[in-house]
Each structure stands twice: as C-alpha cells, then as structure tokens.
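Each chain, letter by letter, is given below.
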Amino acid sequence: MQAVLRTLVRCLVCGFTEVRSDEVIDHGVVLLHECPRCDHRWTQRGAPGYPVRERSSRAARALPERSAA
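Residues numbered from 1 in each chain as written. Predicted model: local features only at pLDDT ≥ 70, side-chain atom pairs only at ≥ 80, totals over all residues. Heavy atoms only, no water.

Chemist: It is not clear to me how the pairing of strand 1 (residues 20-25) should be interpreted in this structure. Could you clarify?
Modeler: As a general feature of sheets, a regular strand has side chains that alternate between the two faces. Pairing of strand 1 with strand 2 (residues 29-34), which is carried by 6 bridges, proceeds in the antiparallel orientation. Within the sheet, the bridge partner assigned to Arg20 lies in strand 2 and is Glu34. Here strand 1 folds back onto strand 2, and the loop between the two strands holds 3 residues, one of which, His27, carries a positive phi near 55°. (Pairing = 2+ DSSP bridges. Helix = DSSP H or I, 4+ residues; strand = E, 2+ residues; numbered from the N terminus.)

Here is the structure:
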C-alpha cells in the first residue's frame, strides 16, 4: 500500500484550500495546481528534495527480471 502524498497549497487568487495538484516529471518535478473554486491554474517547480512517486506497476514488481542471453 502506497502512502498518499499531499501538497498543502492554497489558491493564489481566492485562497481556497482544496486545490487539486498533480506532478509531472520534466527536467525535474513540476507541480500542476488547479483551484476548483475559481479555475485558477498555475505550475510550480518542485524543490530538489521533493519526494517523487515511483511509477512502477504491480505487474513489473511481481515478475522477476530475466537476464539477456
């Protein structure tokens, strides 16, 4: 079971606290934020020590890796 990572951020326009966030890897971590109250959207570079979620799937972890012949 994976831990849920939350970004604690407020909307820069209206101050709403339930902002939707997503992370994208583009030469580092970029956070995409959207306020459902006023539809304001903005991006933010992740800090160098920002935790990045692993993108491996269950199937990839379940099967052992085979060596090339």
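Chemist: Sorry if this is basic, but what is going on with the side chain of His33 here?
Modeler: You can see His33 is positioned in strand 2. With a relative accessible area of 3%, His33 lands in the buried category. Within the structure, the side chain of His33 is placed 2.7 Å from the side chain of Ser21, a separation counted as a polar contact. (Buried < 20%, exposed > 50% of the residue type's maximum accessible area, 1.4 Å probe, protein only. Polar contact = N/O pair within 3.5 Å; in protein donor to acceptor, adjacent residues only side chain to side chain.)

Chemist: Which parts of the structure should I look at to understand the pattern of salt bridges?
Modeler: If the charged atoms of two oppositely charged side chains come close together, the side chains can form a pair. Evaluated as defined, the whole model comprises 2 salt bridges. As a salt-bridge pair, Arg20 and Glu34 come within 4.0 Å of each other at their nearest N and O atoms. Within this pair, whereas Arg20 is found in strand 1, its partner Glu34 is found in strand 2, the two being separated by 14 residues in sequence. Given the relative accessible area of 21%, Glu34 is considered partly exposed. One salt bridge connects Arg41 with Glu34, and the closest N-O pair in it is separated by 3.2 Å. Linked through salt bridges whose partners overlap, the residues forming this network are Arg20, Glu34 and Arg41. (Salt bridge = Lys/Arg side-chain N within 4 Å of Asp/Glu carboxyl O.)

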